[in-house]
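# Chains, contacts and geometry: an overview
Listed below, chain by chain, are the residues.
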Amino acid sequence: MITADGLTKRYGDKTAVDAIDFTVRPGSVTGFLGPNGAGKSTTMRMVMGLDHPSRGSVTVNGRAYRDLPAPLHEVGALLEAKAIHGGRSAYNHLLWLAKSNGISRKRVDEVIGLVGLGEVARKRSGGFSLGMGQRLGIAAALLGDPGVLLFDEPVNGLDPEGIRWIRTLIRNLAAEGRTVFVSSHLMSEMALTADHLLVIGRGRILADTGMADFIARNSAAYVRVRSPHAAPLATALTGAGWAVSPGSDDDRTALRVEGATAKQIGDLAGAHGLYLHELTVVNASLEEAFMRLTADSVEYHARIDQPIPAGV
Ligand SMILES: Nc1ncnc2c1ncn2[C@@H]1O[C@H](COP(=O)(O)OP(=O)(O)OP(=O)(O)O)[C@@H](O)[C@H]1O
């Protein structure tokens, strides 16, 4: 279990993490979702004792990282850009880590097998691809068989096979009862792996919710209707038991109808002799829901209405 309590990190006058409270529970994957610069990496670094909170605290199984008697056995992490000596083989890197933490050579072989690096483990890791580097980072995180695991943007830059492998691994680790905390800036990625969702923007928690709930609330389809007879149509639709709301702030002919199919709406309009100018089924995407939620907390908005200057 990971628990943050008023966790805050300031860099000069920049507040990267702003008094956040959350709990990451065992047996499920908790997604940590936020746009670039939201504070995900800073939070994860504080969990791992690599950065110190300016205020508040974050604990793993009730203790700050520095107070864990055997940290590698309690928590493992795949954070960004691993510092591994390129001249050293994956095997020797893991063996060195294992030895300095009282972990057996047998466990080194085990984790190498687990991440599928058996064939290349004795080669110098300097020639490793990004995917192999990620696997090595994960092997190191798993070395002490910890109950708590953190992955910071683990699928970034990987090919589809690597992405699928990491997703499966993450889900399996949670199914074994471990606490799994995974960051991403992609809603679609979280929808595939996470059971629970913590959304962060500008250092603050914007949502703390079950994934199924988030999907149910945000991806429901609705039908957009435009009619020159919007008012009587709205009355008829409401009378039939469907939820009707204005479809637009500046178009009074537009309605948003929930719970009815396009056919039901068309039939009802026909039965009342009301004209329709549009009947469109709209599937809200989760990515849009996430963008709406974090719209005010994105650090750098791209101006899509501005032409890109020539020569850029
Ligand atoms: N060492 C540092 N010194 C100064 N500012 C920092 C430092 N580390 C992070 N920041 C700032 O803190 C904020 C949060 O950064 P952080 O890397 O935690 O965000 P993130 O959600 O992980 O984003 P990304 O997906 O881009 O990695 C950003 O505005 C960043 O510029």
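Rules of the game
- For every chain, the first residue of its written sequence is number 1, and the numbers climb from 1 along that sequence.
- Totals for whole chains, interfaces and linings use every residue, but because this is a predicted model, local features are given only for residues with pLDDT of at least 70 and side-chain atom pairs only at 80 or more, for both listing and counting.
- Water and hydrogen atoms play no part in the side-chain values, which are based on all heavy atoms of the structure.
- Note on conventions: DSSP H or I runs of at least 4 residues are helices, E runs of at least 2 residues are strands, and numbering of each starts at the N terminus.
- Whether a residue is buried, partly exposed or exposed follows from its accessible area with a 1.4 Å probe, protein chains only, as a fraction of its type maximum: under 20%, in between, or over 50%, in that order.
- Two residues form a contact once any of their heavy atoms are found within 4.5 Å.
- Per-residue and other accessible areas follow the Shrake-Rupley method at a 1.4 Å probe size, with only the shown protein chains counted as cover for residues.
- Fitted lines through C-alpha atoms give the axes, limited to the stretch in contact for helices. The angle between two N-to-C directions lies from 0 to 180 degrees.
- Working rule for angles: under 35 degrees goes down as roughly parallel, over 145 as roughly antiparallel, 65 to 115 as roughly perpendicular, anything else as oblique.
- By convention, the crossing between two helices is left-handed when the near helix turns anticlockwise from the far helix through less than a right angle, and right-handed when the turn is clockwise.
- Any residue that is not Ala, Val, Leu, Ile, Met, Phe, Trp, Tyr, Cys, Pro, Asp, Glu, Lys or Arg is counted as polar, Gly included; the first ten are nonpolar and the last four charged.
- Domain segmentation is taken from an automatic or database assignment of domains.
- Among the buried residues, those of types Ala, Val, Leu, Ile, Met, Phe, Trp, Tyr and Cys that are joined through side-chain atoms within 4.5 Å form a nonpolar core.
- A strand pair is defined by DSSP finding two or more bridges across the two strands.
- Being near a molecule or strand, for a residue, means having at least one of its heavy atoms within 4 Å of it.
- Here a polar contact is recorded for every N or O atom pair within 3.5 Å, except that within protein the pair must consist of a potential hydrogen donor and a potential acceptor, and residues adjacent in sequence are included only if both atoms are side-chain atoms.
- Each direction from the helix axis to a C-beta atom contributes to the arc, which is the arc of those directions.

### Notes on the overall build of the protein
- Within the protein, the secondary structure is distributed over 11 helices and 13 strands.
- When the backbone C-alpha atoms are referred to their principal axes, the protein occupies close to 80 × 50 × 45 Å.
- For the protein, the proportion of its 312 residues judged to be buried stands at 44%.
- Counting contacts in the protein only where the partners sit at least 6 residues apart, residues at least 24 apart contribute 69% of the total.
- Summed over all atoms, the accessible surface of the protein reaches about 16,100 Å², with 52% contributed by carbon and sulfur.

### Here's the deal with the packing of helix H5 (residues 130–142) against helix H6 (residues 160–175)
- The geometry of H5 relative to H6 is characterised by a closest axis approach of 12 Å and an angle of 15° between their N-to-C directions. By the angle class used here, H5 and H6 are roughly parallel. Here H5 and H6 pass one another in a crossing that is left-handed. Residues Arg-135, Ile-138 and Leu-142 of H5 lie in contact with H6, whose contacting residues are Glu-161, Trp-165, Ile-166, Leu-169 and Leu-173.
- The residue inventory of the contact of H5 with H6, partitioned by class, reads six nonpolar, no polar and two charged.

### Quick notes on the domain arrangement of the protein
- As assigned here, the protein comprises domain 1 (2–217) and domain 2 (221–283).
- A straight line from the C-alpha centre of domain 1 to that of domain 2 covers 47 Å.

### Structural notes on the environment of Gly-177
- With respect to the helices and strands, Gly-177 occurs in the loop between H6 and strand S7 (179–184).
- By relative accessible area, Gly-177 is classed as partly exposed at 40%.
- Here the alpha-carbon distance between Gly-177 and Thr-23, two residues 154 residues apart in the chain, equals 16 Å.
- Each residue touching Gly-177, except ones within four places of it in the same chain, is listed here: Pro-26 and Gly-27.

### Focus on the nonpolar core
- Counting residues in hydrophobic clusters, the biggest one holds 50 residues, and the most contacted among them are Leu-94, Val-108, Ile-138, Phe-151, Val-180, Met-187 and Leu-197.
- With residues up to four places along the chain from it excluded, the contact list for Phe-151 reads Met-44, Leu-78, Ile-138, Ile-170, Leu-173, Val-180, Phe-181, Val-182 and Ser-183.

### Brief notes about the pairing of strand S3 (residues 28–33)
- Among the six residues in S3, six count as buried, and that is most of the element.
- Of the strand pairs in this sheet, S3 and strand S8 (residues 196–201) are connected by four bridges, and their pairing is parallel. Paired with Gly-31 across the strands is Leu-197, a residue of S8.

### A word on the site of the ligand
- In the vicinity of the ligand, 13 residues are found, and the nearest of them are Gly-37, Gly-39, Lys-40, Ser-41 and Thr-42.
- Taking Lys-40, its main chain carries an N or O atom lying 2.8 Å from an oxygen atom of the ligand.
- One of the side-chain N or O atoms of Thr-42 is found 2.5 Å from an oxygen atom in the ligand.
- The fraction of the free accessible surface of the ligand (640 Å²) that becomes covered by protein chains is 62%.
- Listing elements by their share of the shell around the ligand, those giving two or more residues are strand S2 (14–24) and helix H1 (40–47).
- Counting residues per element, the shell around the ligand draws most heavily on H1, at three residues.

### Quick look at helix H9 (residues 230–239)
- When we look at burial in H9, the residues that qualify are Ala-230, Leu-233, Ala-234, Ala-236 and Leu-237. Viewed along the axis of H9, the buried residues span an arc of 165°, placing them on a single side of the element. More than 90 degrees from the buried face of H9, the exposed residues found are Ala-231, Thr-235 and Gly-239.
- As for H9, its buried residues are in contact with strand S10 (221–226), strand S11 (243–246), strand S12 (254–258) and helix H10 (262–271).
- Positive backbone phi, at 100°, marks Gly-241, one or two positions downstream of H9.

### Comments concerning helix H8 (residues 211–218)
- Residues of H8 that are buried: Met-211, Phe-214 and Asn-218. Down the axis of H8, the smallest arc covering the buried residues is 60°, so these residues share one side. Away from its buried face by more than 90 degrees, H8 exposes Ala-212, Ala-216 and Arg-217.
- Those residues of H8 hidden inside the fold are in contact with helix H7 (187–193), S8, strand S9 (204–210) and helix H11 (286–294).

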